[in-house]
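Inside the fold
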Amino acid sequence: MKDLPYFTELPDGLCQLPSLEFLQIRRAPGIKRIGPEFVLPHHHEHPRAMENFGSDLEIQVIECQGLERISNLPNFHNLGIIECPELKVLEGLPALQKLGLEDYDMKTLPGYLKDVNPRDLLLDCDVSLLASIGKGKSSPEWDKFSHIKQVRAYENDDDNNIRRKWYVKYTRDPFSLKKNISLSADASGDETEEVLLDEVEEISREEIQEECVNVEQLKE
């Protein structure tokens, strides 16, 4: 479903499609919430009726600028959210296993991450947010993602057309935090500088090799 400028809600008929496996909602700016459409009409006061809906359903919402809430989907496992900046509430998804979040204009992680507990969070964001996440326990974002079992966060290298070149990978238990990028700021905080750890390591190896050559020359 895409390009729905005049829709203010999803069709009620979705509750009649229990075998539906994938639903993509793209560019529907008038839709403010997702959830009640999956309840049978005579069960609107009983959210548990949604548990009859197949858990294999994957919902993906893309560029829904007015979307504010996704809630009461107790049996759903997979959810993707792409460029939905007004989304503030994500709740009532106790069975959620995989959550994908993509927004390169996002400056901080959304607060609603505290209200869900997916097994796996896949995040595509800009370099500043990625670097902040990479600080781990000292990051202001830590409380939003530390409870999630596995987090994989990425940023693209657009200059060289390399998708997901930079990353931060976090595992809750056993604790692990791996990254190939860090970020430093000047005293004013106005400028930031990217430091690719793999490049730093490469420079170090070159310096070591150069030192070895110098030592050999001295011996001669």
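From a predicted model like this one, the values you see are computed outputs, not experimental measurements. (Residues numbered from 1 in each chain as written. Predicted model: local features only at pLDDT ≥ 70, side-chain atom pairs only at ≥ 80, totals over all residues. Heavy atoms only, no water.)

Concerning the environment of Pro-110
The line we're drawing: Each helix corresponds to a stretch of at least 4 residues labelled H or I by DSSP, and each strand to a stretch of at least 2 residues labelled E; elements are numbered beginning at the N terminus. Contact definition: two residues touch when any of their heavy atoms are within 4.5 Å.
Along the chain, Pro-110 falls in the loop between β7 (98–102) and β8 (120–124). Residues Pro-110 and Leu-87 lie 23 residues apart in sequence; the distance between their C-alpha atoms is 8.4 Å. Setting aside anything within four residues of it in sequence, one finds Pro-110 in contact with Leu-101 and Lys-144.

Observations regarding the pairing of strand β3 (residues 58–62)
Put simply, the rule reads: A simple rule labels every residue: compare its accessible area, found with a 1.4 Å probe on the protein chains alone, to the largest value its type can have, and call it buried under 20%, exposed over 50%, or partly exposed in between. At least two DSSP bridges between two strands are required for those strands to pair.
Counting buried positions over the 5 residues of β3 gives 4, a clear majority of the element. Alignment of strand β1 (residues 22–26) against β3, held across 5 bridges, turns out to be parallel. In the sheet register, Ile-25 faces β3, and the bridge partner there is Val-61. By the bridge criterion, 5 bridges tie β3 to strand β5 (residues 78–82) in an arrangement that is parallel. Paired with Ile-62 across the strands is Ile-82, a residue of β5.

Some thoughts on the nonpolar core
Note the threshold: Side-chain atoms within 4.5 Å link the members of a nonpolar core, which is a set of buried Ala, Val, Leu, Ile, Met, Phe, Trp, Tyr and Cys residues.
Of all hydrophobic cores here, the largest spans 45 residues; its most connected members are Val-61, Leu-67, Ile-70, Leu-79, Ile-81, Leu-90 and Leu-99. In terms of residues, this core owes the most to one element, helix α1 (residues 127–133), which gives 4 residues.

Topic: a positive patch on the surface
How we decide: Exposure above 30% relative accessible area and the lack of any salt bridge qualify a residue for a patch; like charges then connect within 9 Å, and the nonpolar side chains Val, Leu, Ile, Met, Phe, Trp and Tyr within 5 Å. Calculation of accessible area relied on Shrake-Rupley with a 1.4 Å probe; when residues are assessed, cover is drawn exclusively from the protein chains displayed. When a carboxyl oxygen of Asp or Glu lies within 4 Å of a side-chain nitrogen of Lys or Arg, that pair is called a salt bridge. In this tally, Asp and Glu contribute negative charge and Lys and Arg positive charge; neither His nor the terminal groups of the chain are included. Just so you know, the charge point we use is NZ for Lys, CZ for Arg, CG for Asp and CD for Glu.
A cluster of basic residues, Lys-98, Arg-119, Lys-149 and Arg-172, forms a positive patch on the protein surface. Relative to the assigned elements, Arg-172 resides in the loop between β10 (162–171) and β11 (176–179). In this structure Arg-172 comes out as partly exposed when scored by relative accessible area, which is 38%.

Overview of the pattern of salt bridges
Where charged atoms from two side chains of opposite charge approach closely, those side chains can pair. Applying the stated criterion across every chain yields a total of 9 salt bridges. Its salt-bridge partner being Glu-63, residue Arg-27 comes within 3.5 Å of it at the nearest N-O pair. With Arg-27 in the loop between β1 and β2 (33–34) and Glu-63 in the loop between β3 and β4 (69–71), this pair connects stretches of sequence that are 36 residues apart. Accessibility expressed as a relative area gives 31% for Arg-27, which makes it partly exposed. On the accessibility criterion, Glu-63 (25% relative accessible area) is partly exposed. Where Lys-32 meets Glu-68, a salt bridge forms, and the shortest distance between an N and an O atom there is 3.8 Å.

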